[in-house]
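So you can see what is in the structure, the chains are spelled out below.
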Amino acid sequence: PFSYVPPGRNHLFVPGPVNIHERVLRAMHVPGQNHRDPWFAELYKACLEDTKHMYGTKTATPFIFPGTGTGGWEAALCNTLSPGDKVICFRYGLFSHLWIDMMQRLGLDVTVVDRPWGEGADEAALEDILRKDTGKKIKAVCVVHNETTTGVTSDIAGCRKAMDAAGHPALLLVDGVSSIGALEFKMDEWRVDVAVTGSQKALSLPTGLAFVAASPKALEAMKSAKLKRVYYDFADMLRTNPSGNVPYTPCLSLLYGLRESVKMWKEEGGMEAVAARHHRLAEGVRQAVDGWGLKLLCKNPRWRSDSLTVVEVPEGIDSNKIVKNAYAKYDLSLGIGLASINGKVFRIGHLGNMNELMLAGALVGAEMAMIDSGINIKPGSGVARATEYWHKTSSIIKTRE
Ligand code: PLP
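About the criteria used
- Residues numbered from 1 in each chain as written.
- Predicted model: local features only at pLDDT ≥ 70, side-chain atom pairs only at ≥ 80, totals over all residues.
- Near = placed C-beta within 6 Å.
- Nonpolar A, V, L, I, M, F, W, Y, C, P; charged D, E, K, R; others polar.
- Helix = DSSP H or I, 4+ residues; strand = E, 2+ residues; numbered from the N terminus.
- Expected span 1.5 Å × (residues − 1).
- Buried ≥ 20, exposed ≤ 12 C-beta atoms within 10 Å, placed from the backbone.
- Domains from an automatic or database assignment.
- Pairing = 2+ DSSP bridges.
- Contact = placed C-beta atoms within 7 Å.
- Axes fitted to C-alpha atoms, helices over the stretch in contact; angles between N-to-C directions.
- pLDDT = per-residue confidence, 0-100.
- Core = buried A, V, L, I, M, F, W, Y, C linked by C-beta atoms within 7 Å.
- Parallel < 35°, antiparallel > 145°, perpendicular 65-115°, else oblique.

Undergrad: I'd like a rundown of the site of the ligand, residues and numbers included.
TA: Close to the ligand lie Gly16, Thr68, Gly69, Thr70, Phe95, Val144, Asn146, Thr148, Asp175, Val177, Ser178 and Gly198, which account for all nearby residues. By residue class, the composition of the shell around the ligand is three nonpolar, eight polar and one charged.

This is the structure in structure tokens:
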């Protein structure tokens, strides 16, 4: 029955929604308030400013919509493009597939560049396509930075370089849903035109906010963009946000949570420190996978994601059983394999509010669930490798010296 909650903690290791820190939970515990009272403007302006750090931007305009990452996708497309516009998008997992589906349903003319699942955006192919577009008909290049289906992080700086090499003026629209706030993201340096994320990922908040940032070039494109937009219209935000107002009712508790979450992110040392933690955590998990004698779906180290790890299971084993056993026996939530790789892989999410010992718990649970599911794994074989790595690379928490 749904009403029974076992003792101890649920171990949440899907790549979003993620674990919410107690500080953030407390910050969100507020009574109903009127956002038309004067105090709201200060809170909202501070929230908008906060998000700029995560994108790595000083020049882009941030927006916060009540919604999810999918809403952010729609905002990015509708505010910058017109029906029939040519766009390019790489497809290498379920999320890039769904974004392409949205582009098609919105009436855009999408060139889909299919890549094997487990690989990332091919910069050379991008440059080639853009070079051949001598009439500069392509209006946008769309890239999913971290494909949450496969545990692959594409190189956005590399895509920008390819666009520059081809001398192409297309907009660069980036899905940063499972990267922004966890991995390095340099919106200004990479000249990303629209970046998108959602609150339940690296920011470690409940689901319900779509974060979008638009470059000056994207806002210029907005002036002639003809796709229909209503709820996600930047123009309504641009009219109200500068004075700290919003066009419709904001998710107040999430905004309080956002302030606390970004405060923690800054206390840790900002993007560089947070990205380094994610790398260390991810490397420990990759060591564990090697210790189990298993393989990552992402074979090429250049694309390995630090947000999540996608593990291939041996032939003849159903990875859904592992996920089922982990939840049923150990109260551990792992991510299933999505779409065409369902049954063949499972996913360990390690983004956002996370540390070694939490992750060690997930590795122990994954080991037991894999043994339960018929994989020949020596208990402790993965955990030993992860702990060895984490121990070697550990440092004292800065307030504990
Ligand atoms: N893009 C990526 C890379 C994702 O991982 C997800 C969700 O997991 C989405 C987009 C869709 O976001 P949402 O479920 O918040 O609408």
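Read on for the rest.
Undergrad: Now, about helix 4 (residues 94-105): what can you tell me, with residues and values included?
TA: Side chains that are three or four residues apart share a direction in an α-helix, a result of its 3.6 residues per turn. Between the first and last C-alpha of helix 4 there are 16 Å, a value that for twelve residues agrees with the 16 Å anticipated at 1.5 Å per step. For helix 4, every residue scored as buried is listed here: Leu94, Phe95, Ser96, His97, Trp99, Ile100 and Met103. Glycine 107 lies just past helix 4 and shows a positive phi near 90°.

Undergrad: So, the domain arrangement of the protein: which residues are in play, and what are the values?
TA: Note: interface size is frequently given as the accessible area lost on complex formation between the parts. By domain assignment, the protein separates into domain 1 (11-18 + 270-395) and domain 2 (22-266). When each unit is reduced to the centre of its C-alpha atoms, the spacing between domain 1 and domain 2 is 27 Å. Counting residues per element, the ones that place at least two in the side of domain 1 that touches domain 2 are helix 10 (270-291) and strand 12 (308-312). Per-element tally for the side of domain 1 that touches domain 2: the top contributor is helix 10, with five residues. Partitioning the side of domain 1 that touches domain 2 into residue classes produces 16 nonpolar, nine polar and three charged.

Undergrad: Break down the pairing of strand 14 (residues 345-349) for me, citing the residues and quoting the values.
TA: The element strand 14 is extensively covered by neighbouring structure, given that five of its five residues are classed as buried. Residues Val345, Arg347 and Gly349 point to one face of strand 14 and Phe346 and Ile348 to the other, with burial holding for every one of them. Here strand 12 pairs with strand 14 via five bridges, running antiparallel. Counterpart to glutamate 312 in the pairing with strand 14 is valine 345.

Undergrad: Report on helix 9 (residues 252-268), specifying residues and quantitative values.
TA: Here helix 9 contains 17 residues, and its C-alpha end-to-end distance of 25 Å stays within 8% of the 24 Å for a straight helix at 1.5 Å per residue. Every buried residue of helix 9 is listed here: Leu254, Leu255, Tyr256, Gly257, Leu258, Ser261, Val262 and Trp265. In this structure, the buried side of helix 9 is in contact with helix 1 (22-28), helix 2 (40-55), strand 10 (209-214) and helix 10. Residue glycine 269 follows helix 9 closely and has a positive phi angle near 125°.

Undergrad: Please provide a residue-by-residue account of the sheet that holds strand 14, values included.
TA: Within a sheet, neighbouring strands are paired by backbone hydrogen bonds and run either parallel or antiparallel to one another. Taken together, the five strands give an open sheet; going across it, the order is 1-13-14-12-11, and neighbouring strands pair in mixed fashion. On the outer flanks of this sheet lie strand 1 (11-13) and strand 11 (295-296), each paired with one strand and no other. In terms of strand pairing, strand 13 (residues 332-336) meets strand 14 through two bridges, oriented antiparallel. Paired with isoleucine 336 across the two strands is phenylalanine 346, which belongs to strand 14. Against the sheet, helix 11 (residues 319-330) engages strand 13 and strand 14, with an angle of about 165° to strand 13.

Undergrad: Would you mind going over the confidence of the model for the protein in detail, with residue names and values included?
TA: Summary statistics for the protein give a mean pLDDT of 97 and a share of 100% for residues scoring 70 or more. Mean pLDDT across the secondary structure elements of the protein bottoms out at helix 2, with 97, and peaks at strand 8 (residues 171-175), with 99. Confidence estimates for the predicted assembly give a pTM of 0.98 and an ipTM of 0.99.

Undergrad: Describe the sheet that holds strand 3 (residues 86-91), naming the residues involved and giving the relevant values.
TA: Taken in spatial order, the seven strands make up an open sheet running 2-10-9-8-5-3-4, and their pairing is mixed. Of all strands in the sheet, those bounded by a partner on one side alone are strand 2 (61-66) and strand 4 (109-114). The average undirected angle you get between the axes of adjacent strands in this sheet is 20°. Summarising the sheet, strand 9 (residues 194-198) and strand 10 pair through five bridges and their orientation is antiparallel. Looking across to strand 10, one finds that valine 196 is bridged to valine 212. Relative to the sheet, helix 2 contacts strand 2, strand 9 and strand 10, its axis offset from that of strand 2 by approximately 110°. The strands touched by helix 4 within the sheet are strand 3, strand 4, strand 5 (138-144) and strand 8, with strand 3 carrying the most contacts at an inclination of about 160°.

Undergrad: Residues and numbers for the nonpolar core, please.
TA: Val87, Val141 and Val212 are the most contacted members of the largest nonpolar core, which has 121 residues in total. By residue number, the principal contributor to this core is helix 10, which donates seven residues. Counting only domains with at least three residues in this core, you end up with domain 1 (11-18 + 270-395) and domain 2 (22-266). In this structure valine 87 touches Leu81, Met103, Leu108, Val110, Ile138, Lys139, Ala140 and Cys142, once residues within four positions along its chain are discounted.

Undergrad: Before we move on, could you go through the packing of helix 9 against helix 10 and cite the residues and values that matter?
TA: For the pair helix 9 and helix 10, the least separation of the axes is 7 Å and the interaxial angle reads 85°. Classified by the angle their axes make, helix 9 and helix 10 are roughly perpendicular. Packed against helix 9, whose contacting residues are Trp265, Lys266 and Glu268, the element helix 10 presents Gly270, Ala273 and Val274 at the interface. Tallied by class, residues from the contact of helix 9 with helix 10 come to three nonpolar, one polar and two charged.

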